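Fold and contact review
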Amino acid sequence: MNPPAGVDIIDANDFKVWKLGLAGAPATLYEGEKFQLEFNFGPNYPLESPQVLFVGDNVPIHPHIYSNGHICLDVLYNHWSPVQTVASICLSLQSMLSSCTSKERPPDNATYVKTARSNPKHTAWAFHDDTV
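Quick caveat: nothing in here was measured; it's all calculated off a predicted structure.

Right, let's talk about the sheet that holds strand β1 (residues 7-11) for a bit. Taken in spatial order, the 4 strands make up an open sheet running β1-β2-β3-β4, and their pairing is antiparallel. Strands with a single pairing partner mark the edges of an open sheet, and in this sheet they are β1 and β4 (51-55). On average, each strand axis in the sheet is tilted by 30 degrees relative to the strand beside it, whichever way the strands run. Strand direction decides the pairing type here: strand β3 (residues 34-40) and β4, joined by 5 bridges, are antiparallel. In the strand pairing of β4, L37 is matched with F54. With respect to the sheet, helix α1 (residues 86-98) is in contact with β1, β2 (17-23), β3 and β4, its orientation differing from that of β2 by roughly 35 degrees.

Listed below in structure tokens is the structure:
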């Protein structure tokens, strides 16, 4: 795998779980910050999307990222296509972070984190705001 700029492979030794580093892009709210992503590939990948989470001590503060690492991004769920790759998901996440204008958690963060299942693919996401 040849990762895009700002993405580092931490561990990709098997095809079940990958850990990647994601750097905040220059001239954005996240410049200089480093985040860790975990990709969990199910048996039906690439027909079904991988489970993707932010993990570790530095989960980005963003209106579409919950403090438990769950990411509200349509391409990870109902807009998934088998032609997408790990690199394209990383680019989508970098784009989402880069376009953010205010570091804040989703308004329902506290409630969601208390009630969410561990796998965000079991959440009934409502995609209604692509401005951040």
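With 31 residues, the main nonpolar core has L37, F39, V52, F54, I71, V86 and L93 as its most contacted residues. Per-element accounting of this core gives the leading share, 6 residues, to α1. Excluding residues within four positions of it along the chain, L37 makes contact with W18, K19, L20, L22, V52, L53, F54, V55, I71, C90 and L93.

Attention now moves to the pattern of salt bridges. The final tally for this structure, using the stated rule, is 2 salt bridges. Residue K19 is joined to E38 by a salt bridge in which the shortest nitrogen-to-oxygen separation is 3.1 Å. In this pair, K19 is assigned in strand β2 and E38 in strand β3, connecting sequence segments 19 residues apart. Across the pair E33 and K103 runs a salt bridge, and its minimum N-O distance is 2.3 Å. Of this pair, E33 sits in the loop between β2 and β3 while K103 sits in the loop between α1 and α2 (109-115), and the two are 70 residues apart along the sequence.

Moving on to the packing of aromatic side chains. Within this structure, the stated rule accounts for 13 aromatic pairs. Between F15 and W18 the ring centres are 6.0 Å apart and the planes differ by 80 degrees, which places this aromatic pair in the edge-to-face class. Geometrically, the ring pair formed by F35 and F54 is edge-to-face, given 6.0 Å between the ring centres and 80 degrees between the ring planes. Highlighted residues: F35 in strand β3 and F54 in strand β4, separated in sequence by 19 residues. Here the two residues F35 and F54 agree in accessibility, since each one is buried. Through a chain of ring-to-ring contacts, three or more aromatic side chains come together here, namely F15, W18, F39, F41, Y45 and W80.

Here we take up the environment of P60. For P60, the position within the fold is in the loop between β4 and α1. Along the backbone, P60 and E33 are 27 residues apart, and their C-alpha atoms lie at a distance of 8.7 Å. Setting aside chain neighbours within four positions, we find P60 in contact with Y30, F35, F54, I65, L97 and R105.

Let's shift gears to the environment of L93. With respect to the secondary-structure elements, L93 resides in helix α1. Residue L93 is classed as buried on the basis of its relative accessible area of 0%. Between the C-alpha atoms of L93 and L53, which are 40 residues apart in sequence, the distance is 11 Å. L93 has contacts with L22, L37, V52, F54, I71 and L73, leaving out every residue within four places of it along the chain.

Procedures and definitions
- Residues numbered from 1 in each chain as written.
- Predicted model: local features only at pLDDT ≥ 70, side-chain atom pairs only at ≥ 80, totals over all residues.
- Heavy atoms only, no water.
- Pairing = 2+ DSSP bridges.
- Helix = DSSP H or I, 4+ residues; strand = E, 2+ residues; numbered from the N terminus.
- Axes fitted to C-alpha atoms, helices over the stretch in contact; angles between N-to-C directions.
- Contact = heavy atoms within 4.5 Å.
- Core = buried A, V, L, I, M, F, W, Y, C linked by side-chain atoms within 4.5 Å.
- Buried < 20%, exposed > 50% of the residue type's maximum accessible area, 1.4 Å probe, protein only.
- Salt bridge = Lys/Arg side-chain N within 4 Å of Asp/Glu carboxyl O.
- Phe/Tyr/Trp six-rings, centres within 6.5 Å; stacked < 30°, edge-to-face > 60°.

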